[in-house]
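# Commentary on secondary and tertiary structure
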Amino acid sequence: MDRIVLLPGDGIGPEVMVQARAVLDAVARRHGMELEFVEELIGGASIDQHGEPLRDEVVDLCRGSRAVLLGAVGGPKWDDMPVDVRPEKGLLRIRKDLGLFANLRPATVIPALADASALRPEVVEGIDLLVVRELTGGIYFGEPRGRATEGGLRKGFNTMVYDEEEVARITRVAFEQARLRRGHVTHVHKANVLDVSQLWMEVVDEVATEYPDVELAHQLVDSCAMLLVRDPRRFDVLVTGNLFGDILSDEAAEITGSLGMLPSASLATGGFGLYEPVHGSAPDIAGQDLANPLAAILSVAMLLETSLDCPKGAEEVRASVASTLAAGHRTGDLVLAGEERETIGCEAMGRHVLAGLEGA
Ligand code: NAD
């Protein structure tokens, strides 16, 4: 029996979690998987009950599980608390304590939503790319770092550092993902200026020899940023370090135009992962059955594919989401300004996806 830990969190987190769990449960039953769901608190909900955003027991529970599904954390109620006990601290801690070094952010444009992007529909139609970002190293963590004053001038400095093992393991994640997709990896770098990028080039090339069936290209980060808006369909999997990945994953997300549709995964070694929608707790619409549950549901598809080794189930979930949208069902966030269209709530959207699964 595989244990899945559910951490609904705050705001719309619990609402989208109910729908995501129902979808995971339905797919598991169809595929004869036995899952045990354990629900726990994180973020503001945990602060209210236990005085801290994440307890040790919860981290241990997650460690003993196959995967973690998370809703969202945070909200105005906890905004004035000291930084160390804020809801977001729970998120940072769980990522660090569980060794989640690989962040996967797909950006896909479902045909029915091609109009939602700020780019022209003919540019975005058919986008299906995945940014694989190194999450626990690089310039955000490198030493030395700090501030100083020298000769009367204030200075600030950080260090972008990777060792070859850190590069190799994230590169393998990217190549494994490419095998599940269209078999193409683009390594994004700045090797014309940065020594650390030259190490990445060497190591990525070495790892590529283990995957002769996957095609590899190297792309400078500045031209990659341009190509992402000019010709995003050319990309399949992009792999890069923490800083470049932070920026490019948000750029890639933005071109799809729908925050309520974006899933993510953060992976450790051995197939363990934490899956969560990219959006936050949306306090402005919480508790009103207005949230779009599709980002959480698409996170379930990633969980099925990567932690439960059930790509068929993942495909069924994605197909059901696509057909639900093609049938015209929309939550409020998916309706364009000025568009006249009836909307449905979080629960109804979840029900449509479930119904689509039954017909799969
Ligand atoms: P947000 O993503 O919560 O909301 C931004 C806007 O998008 C809001 O108007 C919201 O109503 C809308 N929105 C977001 N998700 C939606 C969905 N599924 N369906 C329909 N509409 C949706 O970002 P924010 O407003 O900047 O932050 C709100 C809180 O969430 C803050 O406390 C912030 O710290 C937290 N946050 C948490 C995470 C996380 O848990 N991973 C990520 C980002 C922000």
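Residues numbered from 1 in each chain as written. Predicted model: local features only at pLDDT ≥ 70, side-chain atom pairs only at ≥ 80, totals over all residues. Heavy atoms only, no water.

## Quick look at the pairing of strand E8 (residues 184–189)
- E8 sits mainly inside the fold: 6 of its 6 residues count as buried.
- The pairing of E8 with strand E9 (residues 215–220) spans 6 bridges and is classified as parallel. Each residue of the ladder has a partner; that of Thr186, found in E9, is Ala217.
- As a crossover connection, the stretch from E8 through helix H7 (residues 195–208) into E9 is right-handed.
- Summarising the sheet, E8 and strand E10 (residues 237–240) pair through 3 bridges and their orientation is parallel. Bridge pairing in E10 places Val185 opposite Val237. (Buried < 20%, exposed > 50% of the residue type's maximum accessible area, 1.4 Å probe, protein only. Helix = DSSP H or I, 4+ residues; strand = E, 2+ residues; numbered from the N terminus. Pairing = 2+ DSSP bridges. Right-handed = clockwise from strand over helix to strand, strands pointing away.)

## As for the side chain of Ser46
- Mapped onto the elements of the fold, Ser46 is located in helix H2 (residues 44–50).
- The class of Ser46 is buried, set by a relative accessible area of 0%.
- Beyond its immediate chain neighbours, meaning those up to four positions away, Ser46 contacts Leu41, Gly51, Glu52, Pro53 and Leu54. (Contact = heavy atoms within 4.5 Å.)

## With respect to the site of the ligand
- Every one of the 21 residues lining the ligand counts as a neighbour, but Glu88, Gly280, Ala282, Asp284 and Asn292 are closest to it.
- Between the ligand and the protein, one listed contact pairs an oxygen atom with a side-chain N or O atom of Glu88 at 2.9 Å.
- Summarising the interface, the protein chains cover 67% of the accessible area of the ligand, which totals 800 Å² for the free molecule.
- Taken together, the residues that form the shell around the ligand break down as 10 nonpolar, 7 polar and 4 charged. (Near = heavy atom within 4 Å. Polar contact = N/O pair within 3.5 Å; in protein donor to acceptor, adjacent residues only side chain to side chain. Areas by Shrake-Rupley, 256 points an atom, 1.4 Å probe, with all protein chains shown as cover. Nonpolar A, V, L, I, M, F, W, Y, C, P; charged D, E, K, R; others polar.)

## Describing the pattern of salt bridges
- Taken as a whole and assessed by the stated rule, the structure comprises 28 salt bridges.
- Taking the shortest distance from any N to any O, the salt bridge between Arg30 and Glu316 comes out at 3.1 Å. Residue Arg30 is found in helix H1 (residues 13–30), and its partner Glu316 is found in helix H11 (residues 311–326); the two are separated by 286 residues along the sequence.
- A salt bridge links Arg120 to Glu122, with the shortest nitrogen-to-oxygen separation between them at 2.9 Å. (Salt bridge = Lys/Arg side-chain N within 4 Å of Asp/Glu carboxyl O.)

## Observations concerning empty space enclosed by the protein
- A full pass over the atoms with the stated rule returns 1 cavity of 30 Å³ or more.
- By volume, the largest cavity amounts to about 90 Å³.
- Sorting the residues of the lining of the largest cavity by element identifies E8, H7 and helix H9 (242–256) as the ones contributing at least two each.
- Of the residues assigned to the lining of the largest cavity, the class counts are 8 nonpolar, 7 polar and no charged. (1 Å grid on protein atoms, 1.4 Å probe; cavity = no way out; pocket = protein on both sides within 12 Å on 5 of 7 lines; lining within 4 Å. Points joined across faces, edges and corners; volume = space filled by probe spheres on them.)

## Brief notes about the domain arrangement of the chain
- Once the domains are mapped, the chain shows domain 1 (1–106 + 258–360) and domain 2 (128–255).
- Taken together, the contact between domain 1 and domain 2 spans 12 residues of the former and 16 residues of the latter.
- Counting the surface lost from both domain 1 and domain 2, the interface buries some 1300 Å², and carbon and sulfur atoms represent 62% of this.
- The three residues of domain 1 that bury the most area against domain 2 are Phe101, Asn103 and Arg105, which together make up 50% of that side's buried surface.
- Seen at the junction of domain 1 and domain 2, the total is 1 salt bridge.
- As a salt-bridge pair, Asp250 and Arg105 come within 2.9 Å of each other at their nearest N and O atoms.
- Linking domain 1 with domain 2 are 5 residue pairs in polar contact (both at pLDDT 80 or more).
- Among the elements that take part in the side of domain 1 that touches domain 2, strand E4 (residues 102–108) stands out by supplying 5 residues, more than any other.
- A breakdown of the residues in the side of domain 1 that touches domain 2 according to their chemical character gives 7 nonpolar, 3 polar and 2 charged. (Domains from an automatic or database assignment. Buried area = accessible area lost by both parts, 1.4 Å probe.)

## Details of H7
- The end-to-end C-alpha distance of H7 is 20 Å, a good match for the 20 Å that 14 residues give at a rise of 1.5 Å each.
- Buried residues of H7: Val196, Ser197, Trp200, Val203, Val204, Val207 and Ala208, and no others. Down the axis of H7, the smallest arc covering the buried residues is 135°, so these residues share one side.
- Tucked inside the fold, the buried residues of H7 contact strand E5 (128–134), helix H6 (164–180), E8, E9, E10 and H9. (Expected span 1.5 Å × (residues − 1). Arc of directions from axis to C-beta.)

## A word on a negative patch on the surface
- Residues Asp163, Glu164, Glu165, Glu202, Asp205 and Glu206 make up a contiguous surface patch of negative charge.
- Elements that contribute at least two residues to the negative patch include exactly H6 and H7.
- It is H7 that provides the largest number of residues to the negative patch, a total of 3 residues.
- With respect to the helices and strands, the residue Asp163 is situated in the loop between strand E7 (153–157) and H6. (Patch = residues over 30% accessible without salt bridge, like charges linked within 9 Å, V, L, I, M, F, W, Y side chains within 5 Å. Lys, Arg positive; Asp, Glu negative; His and termini not counted. Charge placed at Lys NZ, Arg CZ, Asp CG, Glu CD.)

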